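Each chain, written out:
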Amino acid sequence: MEQFLSIFFFLLASYSVIANDSIQTLGTWMSSNKKTPWYYLALFAAGGLILTVGFSWFAYDGDISYGRLEKIPFVKVEWYHGIAPVVLIFLTRKGIPVSTSFLILATFASTVVLESMLLKSIIGYALSAVTAYIFWILISKVLDEKASIRGRNKELWLKLQWVSTGFLWWSWLTHDVANISVFLPRQISFLQLILILVFFTAVIFFIFREGGGKIQNIVRTKTNTKYVRSATIIDFVYAVILFFFKEVNSIPMSTTWVFIGLLTGREMAITTLSKHRKMKKLFPIISNDFGKLVIGMTISVVIALGVNYLATHR
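Residues numbered from 1 in each chain as written. Predicted model: local features only at pLDDT ≥ 70, side-chain atom pairs only at ≥ 80, totals over all residues. Heavy atoms only, no water.

**Overview of the overall build of the protein chain**
Argument step 1. Per the secondary structure count, the protein chain includes twelve helices and zero strands.
Argument step 2. Counted from the first residue to the last, the protein chain has its helices and strands arranged as α-α-α-α-α-α-α-α-α-α-α-α.
Argument step 3. Relative to its full complement of 314 residues, the protein chain shows a buried share of 54%.
Argument step 4. Considering only contacts within the protein chain whose residues lie at least 6 apart along the sequence, 87% involve residues at least 24 apart.
Argument step 5. Total accessible area on the protein chain is roughly 14,700 Å²; 68% of this is exposed by carbon and sulfur atoms. (Helix = DSSP H or I, 4+ residues; strand = E, 2+ residues; numbered from the N terminus. Buried < 20%, exposed > 50% of the residue type's maximum accessible area, 1.4 Å probe, protein only. Contact = heavy atoms within 4.5 Å. Areas by Shrake-Rupley, 256 points an atom, 1.4 Å probe, with all protein chains shown as cover.)

Rendered as structure tokens:
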């Protein structure tokens with residue numbers, strides 16, 4: 001029964017985490033490549049996932065989480081551990097960008113680890129917002145994101161976008177695969193790896209066929225994210241920030257908070273530079289996204305406390 005629950009909840013978490021968080025890494029890319037057949041995009045994403053997860057399994061002695069679960073040992077999976085992925089599926093279908101790191105990992109992590117995750121995520125939000133603000137202020141002096149791209153420049157930017165998306169997809173996977181594999185033993189067999197990769201690939205193709213779902217609206221509502229240069233720059237900056245935090249330590253963090261912080265800083269910079277866009281119009285955009293983060297965080301904490309209570313009083 002224990003093994004069945006472990007596998008079943010792992011499958012639920014796989015879909016819910018990838019569906020909710022893939023918007024951070026693939027959303028701008030999908031938005032600016034609407035004319036490209038969805039299955040080409042899905043094939044690219046699936047290939048990157050297979051290479052990234054496969055390398056972790058090889059380099060970390062059967063561990064597909066890139067060592068992110070060093071401080072969260074494997075525990076016997078009980079029925080109440082499945083509450084988090086079920087709630088996450090519901091929130092994803094409603095378009096709420098909840099932090100999967102807190103919602104899923106908080107039900108397994110100790111208080112000390114949870115506090116470290118929270119601190120790292122808050123720093124990530126602030127750093128990404130400030131970085132994005134400064135970066136877009138500077139880049140506006142040499143680049144007009146709305147200007148049309150022609151000839152070789154257009155071809156170059158399209159290639160750069162695919163490169164930046166691949167880099168970002170890899171950076172994100174090195175963080176968030178831990179949110180899925182927490183339900184599994186820290187070392188898995190080669191056969192288990194193959195089965196996992198097959199399921200991951202199926203999830204990726206389903207998400208792309210759905211066009212990202214309702215949560216894709218977070219990207220659609222942001223300024224110019226449908227343009228290839230904007231999408232490329234957003235992805236590259238986000239990837240560099242995630243890579244930085246990956247190298248800092250192995251403590252998991254919320255990539256969702258980093259992503260929302262990035263979009264917030266960028267929108268603030270665009271508003272600062274605009275002669276026609278007032279700050280009061282920016283507030284609803286920022287407050288809406290941040291409000292969803294707070295809702296997601298509140299739900300995560302309530303579920304974590306409930307699961308910990310059940311674990312100690314069963």
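**Quick look at unusual backbone geometry**
Argument step 1. At Asp61, a residue that is not glycine, the phi angle is positive and equals roughly 55°.
Argument step 2. Within the secondary structure, Asp61 sits in the loop between α2 (38–59) and α3 (83–93).
Argument step 3. Its relative accessible area of 60% is what places Asp61 among the exposed residues.
Argument step 4. Backbone geometry at Tyr66 places phi at a positive 60°, although glycine is not the residue there.
Argument step 5. Inspection of the secondary structure puts Tyr66 in the loop between α2 and α3.
Argument step 6. Look at Tyr66 and you get buried, because its relative accessible area is 8%.

**Considerations on the environment of Thr174**
Argument step 1. Along the chain, the position of Thr174 falls in helix α6 (residues 151–176).
Argument step 2. When the C-alpha atoms of Thr174 and Ser65 are compared, they prove to be 6.7 Å apart, with 109 residues separating the residues in sequence.

**A closer look at the pattern of salt bridges**
Argument step 1. Per the counting criterion, the structure on display carries one salt bridge.
Argument step 2. The closest approach of N and O atoms between Arg266 and Glu267, which form a salt bridge, is 3.6 Å. With respect to burial, Arg266 and Glu267 carry one shared label: buried. (Salt bridge = Lys/Arg side-chain N within 4 Å of Asp/Glu carboxyl O.)

**Brief notes about the packing of aromatic side chains**
Argument step 1. On inspection of all chains with the given rule, the structure shows 18 aromatic pairs.
Argument step 2. Considering the side-chain rings of Tyr39 and Tyr40, the 5.0 Å spacing of their centres and the 75° angle between planes classify their relative orientation as edge-to-face.
Argument step 3. Their ring planes at 75° and their centres at 6.0 Å tell us that Tyr125 and Trp257 sit as a pair that is edge-to-face. Linking Tyr125 in helix α5 (residues 111–139) with Trp257 in helix α11 (residues 255–273), this pair joins segments that are 132 residues apart in sequence.
Argument step 4. Exposure remark for Tyr125: the relative accessible area of 16% places this residue in the buried category.
Argument step 5. Ring pairs connect the aromatic residues Phe8, Phe9, Phe108 and Phe183, which therefore count as one cluster. (Phe/Tyr/Trp six-rings, centres within 6.5 Å; stacked < 30°, edge-to-face > 60°.)

**Here's the deal with a nonpolar patch on the surface**
Argument step 1. A contiguous nonpolar surface patch, about 450 Å² in accessible area, is contributed by Leu119, Ile123, Leu127, Phe244 and Val248.
Argument step 2. Of all elements in the fold, only α5 and α10 (228–248) reach the threshold of two or more residues within the nonpolar patch.
Argument step 3. Mapped onto the fold, Leu119 is located in helix α5.
Argument step 4. The exposed category is assigned to Leu119, whose relative accessible area is 54%. (Patch = residues over 30% accessible without salt bridge, like charges linked within 9 Å, V, L, I, M, F, W, Y side chains within 5 Å.)

**So, the confidence of the model for the protein chain**
Argument step 1. When pLDDT is averaged along the protein chain, the result is 78, and 79% of the positions lie at 70 or above.
Argument step 2. Per-element confidence in the protein chain ranges from a low mean pLDDT of 48 for helix α9 (residues 217–220) to a high of 91 for α2.
Argument step 3. Across residues 218–226, where pLDDT falls below 50, the model places 35 contacts with residues more than four positions away in sequence or in other chains. (pLDDT = per-residue confidence, 0-100.)

**A word on the nonpolar core**
Argument step 1. Ranked by size, the top nonpolar core spans 79 residues in total, and within it Leu49, Trp136, Phe183, Ile204 and Phe208 carry the most contacts.
Argument step 2. When residues of this core are assigned to their parent elements, the largest contribution, twelve residues, is made by helix α1 (residues 2–31).
Argument step 3. Among all residues touching Phe183, those that are not within four sequence positions of it are Ser6, Phe9, Phe10, Ala13, Phe74, Val77, His81, Pro85, Ile104 and Phe108. (Core = buried A, V, L, I, M, F, W, Y, C linked by side-chain atoms within 4.5 Å.)

**Quick notes on the packing of α5 against α11**
Argument step 1. The N-to-C vectors of α5 and α11 enclose an angle of 30°; their axes lie 7 Å apart at closest approach. The orientation of α5 with respect to α11, classified from their angle, is roughly parallel. Of the two elements, α5 crosses α11, and the hand of that crossing is right-handed. On α11, the residues touching Ser121, Gly124, Tyr125, Ser128, Ala129, Ala132, Tyr133, Trp136 and Ile137 of α5 are Trp257, Val258, Ile260, Gly261, Leu262, Thr264, Gly265, Arg266, Met268, Ala269, Thr272 and Leu273. (Axes fitted to C-alpha atoms, helices over the stretch in contact; angles between N-to-C directions. Parallel < 35°, antiparallel > 145°, perpendicular 65-115°, else oblique. Left-handed = near helix turned anticlockwise from the far one by under 90°.)

**A look at α2**
Argument step 1. Over its 22 residues, α2 runs 32 Å from end to end, which matches the ideal 32 Å to within 8%, given 1.5 Å per residue.
Argument step 2. Regarding α2, the residues found buried are Leu41, Ala42, Ala45, Ala46, Leu49, Thr52, Val53 and Ser56. The buried side chains of α2 occupy one side of the element, clustering within an arc of 135° when seen end-on. The exposed set on the far side of α2, more than 90 degrees from its buried face, consists of Leu43, Leu51 and Phe58.
Argument step 3. Once α2 ends, the next one or two residues include Asp61, with phi positive near 55°. (Expected span 1.5 Å × (residues − 1). Arc of directions from axis to C-beta.)

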